[in-house]
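For reference, the chains in residue letters:
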Amino acid sequence: MSLTLRFLGTSASRPTVERNVSSLALIREGETLMFDCGEGTQRQMMRYGISFALADIFFTHMHADHMLGVTGLLRTLGLQGRTEPMNLYGPPGSEKLLWKAITLGSEKQHFEIMVFEITPETPLKRSGYSLVPFAVEHGDRLAIGYQLVEETRLGRFNPEKAREMGVPEGPLWGKIHKGETVTLPDGRTIEPSELVGPTRPGRRIVLTGDSRPSEGTIAAALGADILVHEATFATETGHSTAREAAEVAAKAGVKKLVLTHVSARYSRDTSELEREAREIFPATIIARDGLEIDVPFESTPPD
Ligand SMILES: [Zn+2]
Ligand SMILES: [Zn+2]
């Protein structure tokens, strides 16, 4: 089951020649979720092959470099003849501004658009995973990060052993795999633990949006497969340095740290940020526009 991150914009606050402003696509089993939609994001989607058939855009906060692109994207979707609804999600207080962006310069909506204000720590249940928003620290704006948590998977079924034990192949295998104790035609009883391994954790991805290093991020990111953290610059308030982001990753014990929201002064050459972060947390990479990261299951081949 595939899970891929695709960075559509990795520049802080304003675009540069090399980088567009914030947006990230997460593709899970063919379903595309978008996180933030800075100006020009629709063109980045075309450039990097992201499907326009997405149905959900999640916003971390309402700064212009994270949401201006939604106006043009929705307009293009209308021109393409879209009929499916689109859902926009933002932190508390974002609904009014999102509606302004939706209606700006456009008299008529051609498809249904819904806006939801979501509450930190209240999980959005989806098929096979949950999205858990958490509060981050970004000046006086209410800003949220998102944690994607996949459901725990069933343990591995051992077909060789099942055959050895004379368990007939077919529906009984499925029942045992799902945890049922079954009675065979010959009267023997088979416990699931005889043929099924321990349950396996799903994958976890944590996205901070813009934030100071925060305890909320550390708590959300504990043991996560990937932490995508902003790393703007040392002197800007409400943001993190590469070193601070690396400290968050180290405290949370994540497997990999990806830094984004790169200041224009590092747009071309991020080696200084990389060095700074890797001194604290070696498993760090710096995102660039178009970067694709596959997130595998831990130490088990993909199903
Ligand atoms: Zn920003
Ligand atoms: Zn911001």
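Predicted, not measured: the structure shown is a model, and the values here were computed from it.

Reading guide: rules and limits
Residues numbered from 1 in each chain as written. Chains lettered and ligands numbered in written order. Predicted model: local features only at pLDDT ≥ 70, side-chain atom pairs only at ≥ 80, totals over all residues. Heavy atoms only, no water. Donors = N, O, S within 2.8 Å, 3.2 Å for Na, K, Ca; no water. Tetrahedral: all angles 85-135°; square planar, octahedral: opposite > 155°, others 65-115°. Helix = DSSP H or I, 4+ residues; strand = E, 2+ residues; numbered from the N terminus. Buried < 20%, exposed > 50% of the residue type's maximum accessible area, 1.4 Å probe, protein only. Pairing = 2+ DSSP bridges. Axes fitted to C-alpha atoms, helices over the stretch in contact; angles between N-to-C directions. Contact = heavy atoms within 4.5 Å. Right-handed = clockwise from strand over helix to strand, strands pointing away.

A. Layout of the coordination of the zinc ion (ligand 2). Surrounding the zinc ion (ligand 2) are the protein donor atoms His61 (NE2), His63 (ND1), His138 (NE2) and Asp210 (OD), at 2.1 to 2.3 Å. Geometry at the zinc ion (ligand 2) is irregular, judged from its 4 donor atoms and the angles of 90 to 169 degrees they form at the metal. Here the donor residues for the zinc ion (ligand 2) map to a single chain with the spacing H-x1-H-x74-H-x71-D. Here the zinc ion (ligand 2) and the zinc ion (ligand 1) are spaced 3.5 Å apart, with Asp210 acting as a shared donor. Of this pair, His63 sits in the loop between strand S4 (56-58) and helix H2 (64-67) while Asp210 sits in the loop between strand S12 (204-207) and helix H8 (215-221); the two residues are 147 residues apart in sequence, bridging distant segments of the chain. In this structure His63 comes out as partly exposed when scored by relative accessible area, which is 25%.

B. Layout of helix H3 (residues 69-79). Taken together, the buried positions of H3 are Gly69, Val70, Leu73, Leu74, Thr76, Leu77 and Gly78. Following H3 by one or two positions, Gly81 adopts a phi angle in the positive range, close to 85 degrees.

C. Main features of unusual backbone geometry. In the Ramachandran plot, Ser13 falls in the positive-phi region, its phi being about 70 degrees despite a non-glycine side chain. Inspection of the secondary structure assignment puts Ser13 in the loop between strand S1 (3-9) and strand S2 (23-28). Judged by its relative accessible area of 44%, Ser13 is partly exposed. Look at Asp36: it is not a glycine, yet its phi comes out positive at around 65 degrees. Judged by relative accessible area, Asp36 falls into the buried class, the value being 5%.

D. Here's a closer look at the sheet that holds strand S16 (residues 292-294). The strand order across the open sheet formed by 7 strands is S6-S5-S4-S3-S2-S1-S16, and the pairing between neighbours is mixed. Single-partner strands in this sheet number two, and they are strand S6 (113-117) and S16. Along the sheet, successive strands turn relative to each other by an average axial angle of 20 degrees, direction set aside. Sheet analysis places S2 next to strand S3 (residues 31-37), joined by 6 bridges and oriented antiparallel. Counted as the bridge partner of Ser23 is Cys37 from S3. Lying on the sheet, H3 is in contact with S3, S4, strand S5 (86-90) and S6; it crosses S3 at an angle near 140 degrees. Along the sheet face, helix H4 (residues 95-103) touches S5 and S6 and points at about 160 degrees away from the line of S6.

E. Spatial organisation of the coordination of the zinc ion (ligand 1). Only Asp65 (OD), His66 (NE2), Asp210 (OD) and His261 (NE2) from the protein reach the zinc ion (ligand 1) as donors, at distances of 2.1 to 2.3 Å. Each of the 4 donor atoms around the zinc ion (ligand 1) contributes to a set of angles spanning 88 to 169 degrees, which defines the coordination as irregular. The sequence pattern describing where the donors of the zinc ion (ligand 1) fall on their chain is D-H-x143-D-x50-H. Given a relative accessible area of 11%, Asp65 falls into the buried group.

F. The arrangement of the environment of Leu184 in detail. Turning to its location among the elements, Leu184 is positioned in the loop between strand S10 (182-183) and strand S11 (189-190). Classification of Leu184 as buried rests on a relative accessible area of 4%. Sequence separation between Leu184 and Gly166 is 18 residues; the distance between their C-alpha atoms is 9.0 Å. For Leu184, the residues in contact, after removing those within four places along its chain, are Gly166, Val167, Pro168, Leu172 and Ile190.

G. Local environment of the environment of Arg141. Inspection of the secondary structure assignment puts Arg141 in the loop between strand S8 (129-135) and strand S9 (144-150). Setting aside anything within four residues of it in sequence, one finds Arg141 in contact with Met62 and His63.

H. Inspection of the pairing of strand S14 (residues 256-260) at higher detail. Within S14, 4 of the 5 residues are buried, leaving the element largely enclosed by the surrounding structure. Judged from the 5 bridges that link them, strand S13 (residues 226-230) and S14 form a sheet pairing that is parallel. Within S14, the residue paired with Leu227 across the bridge is Leu257. By the bridge criterion, 3 bridges tie S14 to strand S15 (residues 284-286) in an arrangement that is parallel. Its bridge partner lying in S15, Leu259 is registered against Ile286. With helix H10 (residues 271-280) bridging S14 and its parallel neighbour S15, the resulting β-α-β unit is right-handed.

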